[in-house]
Amino acid sequence: MEKVENIEITEEMKKQEAELLGEETEGQQEEETRKQEEARELAEAQRTGVVDMSDKKAEKEKKNPNYTHTFSKPVEILGKKYKTLTFRFEDLTGADIEAVEQEMQDMGKYALSPEISSIFQSMLAARAARVGSDEIRRLPVADYMKIKNKARDFLTGMGY
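Residues numbered from 1 in each chain as written. Predicted model: local features only at pLDDT ≥ 70, side-chain atom pairs only at ≥ 80, totals over all residues. Heavy atoms only, no water.

### Notes on the packing of helix α4 (residues 94-106) against helix α5 (residues 118-129)
Where α4 meets α5, the closest approach of the two axes is 10 Å, and the angle between their N-to-C directions is 130°. The orientation of α4 with respect to α5, classified from their angle, is oblique. Remark: the crossing between α4 and α5 carries right-handed chirality. Of α5, the residues touching α4 (which contributes Asp96, Ile97, Ala99, Val100, Glu101, Glu103 and Met104) are Ile119, Phe120, Met123, Leu124 and Arg127. When its residues are assigned to classes, the contact of α4 with α5 shows eight nonpolar, no polar and four charged. (Axes fitted to C-alpha atoms, helices over the stretch in contact; angles between N-to-C directions. Helix = DSSP H or I, 4+ residues; strand = E, 2+ residues; numbered from the N terminus. Parallel < 35°, antiparallel > 145°, perpendicular 65-115°, else oblique. Left-handed = near helix turned anticlockwise from the far one by under 90°. Contact = heavy atoms within 4.5 Å. Nonpolar A, V, L, I, M, F, W, Y, C, P; charged D, E, K, R; others polar.)

Encoded structure:
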């Protein structure tokens, strides 16, 4: 008789076994739950004539705090033309928050409430994009406001 040791059962093997036995996998159960929720939402929308997308938008933004901004027209940052710029808010750390606060203090400016401070938000966005804060402040106002507001949304979403 041959002895077998250290047999590793992979997730793929578990899925195949479940399919052969006619059982649902965890992913299939989640998909079914999602479909049922969508059907309930559709029925509610048809009954009331109102579709509420605010929950979906907030849910999507919570999943990925990063933001890729498409400029209204290409902008030059440090001698290079950009059509888009990605802000990696999820990569920020407490050290980044403190660095923004220190930079503001060095400028003689203070933010009592960072979630409503345009300066704080634009500096935080600059750190998320790895560009100088003055580059963000030089943007056309429409681009500046969209970027600044994404930084605000990130701060409030993190409980600031």
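So, next bit.
### Focus: the environment of Ser122
Relative to the assigned elements, Ser122 resides in helix α5. Residue Ser122 is classed as buried on the basis of its relative accessible area of 1%. Placed 26 residues apart in sequence, Ser122 and Lys148 show a C-alpha to C-alpha distance of 5.2 Å. When near neighbours in sequence (up to four residues on either side) are disregarded, Ser122 contacts Ile136, Arg137 and Tyr144. (Buried < 20%, exposed > 50% of the residue type's maximum accessible area, 1.4 Å probe, protein only.)

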